[in-house]
Each structure stands twice: as structure tokens, then as C-alpha cells.
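Chain by chain, the residues run as shown.
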Amino acid sequence: MKKEDAIILLIVCLLIAVLLIFVVVLLRARSTGFVSYDPSPTPMSEENLTLSLIQAGKAYNEENGNLRQEAFTNALELSEKRKSALILLASKDPGRFLELVLPEEAKDILPVITRSSLEQEVDIEGDLSVLHADRDDGSENSYFLHTPEEDLSVYFIDEKSYFPGLVKLHGIKLGNTIVVPPGNSNVISAFTKKGIPHNVAFILFSVGGLTRPASSEETVKSLLKDNPLIENNTKKEIYGWYTITRESCPVLSCSPDLSSSWMNGAKKIATDNGFIESQYDSVVYLALANDSCGFTALTCLNQRSVLSSYSTKNWVSQELGNSIGLSHARNDIYDVMGGGNNLSGFHMHELGMIGDREVGEITSTGIYSLSPLGGKGVQVLRIPYDDSHYYYLEYRQSGLTIYKAPDYLSSEESEFVGNFGNGENFFDPIRDVRVSLTSVSDSITLSVLFGPARCTRENPSVVLSPSSHWGNSSNMSTYTLNILNRDYKCPDSTFNIGVFLPSDWRHISQTSVNMASGANASIPVTVISPKDSGTGFYPFNVDVINSNVPEFHSNTRGSYAVSGI
């Protein structure tokens, strides 16, 4: 045999040997259900991390020697990576977070040491804080729970707004995060809205060496001009201008101390200069800083602390209002919570500036008199809009002002409807109510005419509980579909129910339900996975459609996880 042929034959034999070794290793991995975790520049999805962790747990229980140790190491690495990924997911999509929660039987196959990196179902009690962040394009609330042991970020699945107070929550906790499904929060002691603050401290500071105004007194004076939340007899103390060196954007939270590192830095300097926080009803931190941090003003509702941009007095006024529990006033240029220089009767009543005797309710056709705000007699009239909202009527300089708002002690914002002069009418064709301003003097006279009650349609509210089940192929798992008919004074409606599953999957569920306006229904939905379902997450959708008016509909998502445990 020629030398060249021998070399070629040797190379071929080596390649065959390598290939055989690879095949043996691959078959071994498949037989155990475990594939070694190979770090990659592309991060694994939350689903893949969850399934890979389960496979590592299976291998840990089935292998011996070095392979068991390798499975143990991989389970530790995967549990930590998954923990970080799920905590981030909770802040972006808490509903999907719940779909990935491990069942107890999956946790039981994992090494005990991984438990600290796994989510737990908990009942926990503590003080709920609310951080209200305003931006030029809108506002947003963030929630934090404080217990004697720890501080937690809270993510609610529903879209309600919550006030601070002592609460008990049932949810899924992972690290310093808890996700709360709908209907799993109970208020023990609610936040109470207080009146106008009588002692206010202003702490002025600049961040990162930005040039600050020369006069702190003139700065505060210009920002408080015509501010109805600061009375002439309010005690005002000014601290600063100070300079803090931290240039990065603050970490936003509502710790028991303060809502941001900026405020903490400014507070420390002010304290060294005689500031005593307990002496004040509210503290306003005015920041001269780079505006690229994603917010213009912040309020911790329960602490009555405000961090606001120095740029405009409207932000200071609104954040002071937020800090004492007032909601925003959308499109209302009169109200301070909408950018104006006055308070609406709605907010005055919340603050105790108008008593219950000065607020009347209109439920029938008639002639009504309305005194100006700050006058004598009835100063606010309201007309029911639905079960929890009203039209509010008041006499301002421009005439009759109407806006829509929730019942009192709510965090929802009010919405300006319009101003109406003498002889002008407001008409709501849906509620079939007409309000006419018939005379103007020291008070105004209104004519209110109700027609027959009219039906108002809304999209139903739909929630699937639990959002996810775990099991093996060929299993049957039952979910509960909760439907709320949000129609108002309408005839009974039939809601069609459609369950849309992956190919070859089946379900058992009633196809429709008849419901009265405002009624609730709980419908069992059983999902059956096919025999050959592979390991993985299988999402599905449930549609609920009002058959009387199909344009009113809602849908929700569920998930079935085949774990192979």
C-alpha cells in the first residue's frame, strides 16, 4: 500500500471513530432525557430555560457518578438563569410569568439547593406603596410591598389602580418579586386622602453639576403662584440649592425611606443643614437634571414625597395633588390636576373643602339650582353614568362645567366634558339625559330631562384560571373561564365561547352562556392533550363573543405544559 493511501485510510478511520463517539453520546443523552447545558451568546427563552431545568432534574435523579454531578451543576446554573429571566418577565408580562410557574411535582425532582431560586405560592401581608410616575406622554403606577423582612416589587395581573395601605396578597413570589392574579388582594387598612398640607418643605438640588438658578426663594415663589394646594397660611421652608454628584438615572422604587437615590442624596445634605422630615406634611424635591431618565415627576403616595422637574409649575402642582391622593383631570385646563390653577368640586369634596351637604345627586327629571364653588348651598351636582361613574356639574366663571369622574375615593382620573353658557344644552344620547342652563345670576338654574333608560354595550371581561396547567401527554386538565357581562341596562345576552387549541388537541366546554347585564359566570374548560405530545409549552386562546352584537368580544390566553415528569 502506498504511503499516501495509508494516510488517507488513517484519516477516514479517525473520522469514523469520532462520528461513532458522537452518536453514542447523543443516544446516551436522549435515553436519559438530559442534554448538557451549553452556554450560548443567544440567551435561552424563559420557556426553554424552564423545560431544560426540568430535564436537568430528571437526569439528576436517574444518573450516577459524574453524569449525576454534571446534572446537579447544570440544574444550579439553569435555576439561577431562569430566576433572573422570570423576574425580568414579571415586570413586562406578568400573565406570561404565571404560565411558567413550576408545579410542585417538578420542583420535587430538582436538587434541594435550587429551591431558593424557584418561585413559591405565598400569602403575604405588608404595606403597599405606590410610586406614581408622570411623563410627557402619560403616567404609570408602580407597586411595592414592605414587610418587616423585605421589600418586594408587586405586579398585578388586572388593570386596576391601587391605593397604598396595609394589604394581604396571595400570589407567586420569586426573589424580590411577587405576581398577584386577579382577585387575590385584600385591603386591610386603606390609604385615606388628606386635606391640603399645612407644612411643606422644598428641597432644591441639581444633578451632575448642572447650572442652578441663583435664587431658591424666587424659584419656589414662581412655581407656587396661584397654586390652590398651597394656602396663604401654609408654612413653607426652603432648603438648597444643593448639588449632588450622581449623574446616572435613579433607581425608581418606593422604599420606606425614599423613592429614588437622587432624593436620598438631596435629603442627606438637607438634613445636615437642619431639615427634619417629621415636621412636614409634604416634602417637595425639585430636581434640575438631565431629562432623559424617562420621567418628569414622581410621587410616593403613602409618603407624601414628591420629586419633580424644576421646569414647570404644573408638574409640581400635580405631584402635590398626587401625593395627597388626587387623581388627574384629563383635558381639564381649569383643574390643577389637569394643568390649571383651581380645584374642581370633585377634588374639593375629596379634600374635605366641600361637605356632603354641598353635593347633590340628580336621578329624576326636574329643575335644579347650583351655587358657585366656595359659595353657600349645593355646589356640586352629579348624575349617574353607570354603576360607578357620574357626570359632575358645577358653576364656574365660564358657566356650567361638566366632567365625568368615578365615585369618590377612587384612583381613576376625571375627564372634562365641556363648558355650557346660558341657553346651551348638554345631551348624552346613550344615557338619554339632557341638561340645559336656563338662567345665570348668583347661582345657576338647570333643567334636567331623563328619557327612557338605554342599553350600553361593553366588551365582556374574561379571565382564565389558572392560566397554566402542567402534565403529561393524554392528560385532561380543567380550567375555569370567568366571564363578566359589562353591559349596562341591556337585555340578557348570549355569549359564544370558542376554544382554539393546537392541532390534534381536544377540549370539553359548553359553547355558550346566557347572562344578564352585570352578571358573572364561571365555565369549566377541560383541555385534553394528544398521546404523542412532545415536551413543551402549548398555548391556546379562548374567545368570548356577544352573539347579539358580535363587535363586543374579548379573549384570553391559557397554556398547557407537557413536562414529561
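Residues numbered from 1 in each chain as written. Predicted model: local features only at pLDDT ≥ 70, side-chain atom pairs only at ≥ 80, totals over all residues. Heavy atoms only, no water.

(A) Geometry of the nonpolar core. Among the nonpolar cores identified, the biggest contains 33 residues, and Phe202, Leu229, Val284, Leu326, Leu343, Leu351 and Tyr392 are the most heavily contacted of them. Sorting the residues of this core by element identifies strand E7 (199-207), helix H6 (216-224), strand E9 (282-288), helix H8 (313-323), helix H9 (345-350), strand E16 (389-396) and strand E17 (399-406) as the ones contributing at least two each. Filtering out sequence-adjacent residues up to four positions away, Phe202 remains in contact with Val220, Leu224, Lys236, Glu237, Ile238, Tyr239 and Val284. Core analysis: the second largest hydrophobic core is formed by 26 residues, Leu53, Leu78, Leu86 and Val101 among them. (Core = buried A, V, L, I, M, F, W, Y, C linked by side-chain atoms within 4.5 Å. Buried < 20%, exposed > 50% of the residue type's maximum accessible area, 1.4 Å probe, protein only. Helix = DSSP H or I, 4+ residues; strand = E, 2+ residues; numbered from the N terminus. Contact = heavy atoms within 4.5 Å.)

(B) Representation of the pattern of salt bridges. Scanning the model with the defined rule gives 17 salt bridges in all. Ionic pairing is found between Glu47 and Arg96, a salt bridge with its closest N-O pair at 3.1 Å. Taken together, the residues Glu47 in helix H2 (residues 46-62) and Arg96 in helix H4 (residues 94-99) connect sequence positions 49 residues apart. When its relative accessible area of 18% is taken as the criterion, Glu47 is described as buried. Taking the shortest distance from any N to any O, the salt bridge between Glu415 and Arg330 comes out at 3.5 Å. Placement of Glu415 in strand E18 (residues 414-420) and of Arg330 in strand E12 (residues 329-330) is noted, with a sequence separation of 85 residues between them. Its relative accessible area of 37% is what places Arg330 among the partly exposed residues. (Salt bridge = Lys/Arg side-chain N within 4 Å of Asp/Glu carboxyl O.)

(C) Molecular detail of the environment of Ser282. Relative to the helices and strands, Ser282 is located in strand E9. Sequence spacing of Ser282 and Val200 is 82 residues, and the spatial spacing of their C-alpha atoms is 5.0 Å. Those residues in contact with Ser282 that lie beyond four places of it in its chain are Pro197, Asn199, Val200, Ala201, Arg304, Leu320 and Ser323.

(D) Summary view of the packing of aromatic side chains. Counted according to the given criterion, the structure contains 16 aromatic pairs. Where Phe275 meets Tyr280, the ring centres are 5.7 Å apart and the plane angle is 20°; that geometry is what we call stacked. Each member of the pair, Phe275 together with Tyr280, is buried. In textbook terms, an aromatic cluster arises when at least three aromatic residues are bridged by ring pairs, as seen for Phe346, Tyr390, Tyr392 and Tyr403. The ring of Tyr385 carries Arg431 above its face, with NZ or CZ at 4.2 Å from the centroid. (Phe/Tyr/Trp six-rings, centres within 6.5 Å; stacked < 30°, edge-to-face > 60°. Lys NZ or Arg CZ within 6 Å of the ring centre and 35° of its normal.)

(E) Fine view of the state of the cysteines. On inspection of all chains with the given rule, the structure shows one disulfide. Shown here is the disulfide that connects Cys455 with Cys490, its sulfur atoms set 1.8 Å apart. Measuring handedness by torsion sign, the sulfur bridge of Cys455 and Cys490 sits at about 90° and is right-handed. One end of the pair, Cys455, is in the loop between strand E21 (444-450) and strand E22 (461-465); the other, Cys490, is in the loop between strand E24 (476-484) and strand E25 (493-500), with 35 residues separating them in the sequence. Given a relative accessible area of 33%, Cys455 falls into the partly exposed group. (Disulfide = S-S within 2.5 Å.)

(F) Region of interest: the sheet that holds strand E29 (residues 536-546). Strands sit in the order E23-E30-E29-E25-E27 across an open sheet of five strands; the sheet is mixed. Looking along the sheet, the strands with just one partner apiece sit at the ends: strand E23 (468-471) and strand E27 (512-515). Neighbour-to-neighbour, the strand axes of this sheet turn through a mean angle of 20°, independent of strand direction. Bridge count for E25 against E27 is four bridges, and the pairing is antiparallel. From the neighbouring strand, Thr494 faces E27, where its bridge partner is Asn514. Here H2 sits on the sheet and contacts E23, E29 and strand E30 (553-562); the angle it forms with E29, its principal contact strand, is near 130°. (Pairing = 2+ DSSP bridges. Axes fitted to C-alpha atoms, helices over the stretch in contact; angles between N-to-C directions.)

(G) Structural detail: the environment of Arg434. By secondary structure assignment, the location of Arg434 is in strand E20 (residues 433-440). Once the C-alpha coordinates of Arg434 and Gly451 are considered, the two residues, 17 residues apart in sequence, prove to be 8.4 Å apart. Setting aside chain neighbours within four positions, we find Arg434 in contact with Asn425, Phe426, Phe427, Ser447, Val448 and Leu449.

(H) Quick peek at the sheet that holds E16. Within the open sheet, the six strands sit side by side as E12-E18-E17-E16-E15-E13. Their pairing is mixed. Each of the sheet's edge strands pairs with one partner strand only, and the pair in question is E12 and strand E13 (359-361). In this structure, E17 lies alongside E18, joined through five bridges in antiparallel fashion. Across the sheet, the residue bridging to Thr401 is Asn419, located in E18.

(I) Seen up close, H2. Helix length check: H2, at 17 residues, gives a terminal C-alpha distance of 25 Å against a target of 24 Å (1.5 Å per residue), a fit within 8%. Counting buried residues along H2, 13 of its 17 residues qualify, which places the element largely inside the surrounding structure. (Expected span 1.5 Å × (residues − 1).)

(J) Inspection of the pairing of E25 at higher detail. Across six bridges, the pairing between E25 and E29 is antiparallel. Bridged to Ile497 within E29 is Val544.

(K) Inspection of the side chain of Asp432 at higher detail. Inspection of the secondary structure assignment puts Asp432 in the loop between strand E19 (425-428) and E20. Apart from the residues within four sequence positions on either side, Asp432 is in contact with Phe427, Leu449, Phe450, Gly451, Pro452 and Arg454.

(L) Main features of the pairing of strand E15 (residues 380-384). Of all five residues that make up E15, four are buried, and the element is covered over most of its length. Inspection of the sheet shows E13 paired to E15 by three bridges, in the parallel sense. Along E15, the bridge assignment pairs Gly360 with Leu381. One ladder, built from four bridges, connects E15 with E16; its direction is antiparallel. The residue of E16 that forms the bridge with Ile383 is Tyr391. As consecutive antiparallel partners, E15 and E16 are separated by four residues.

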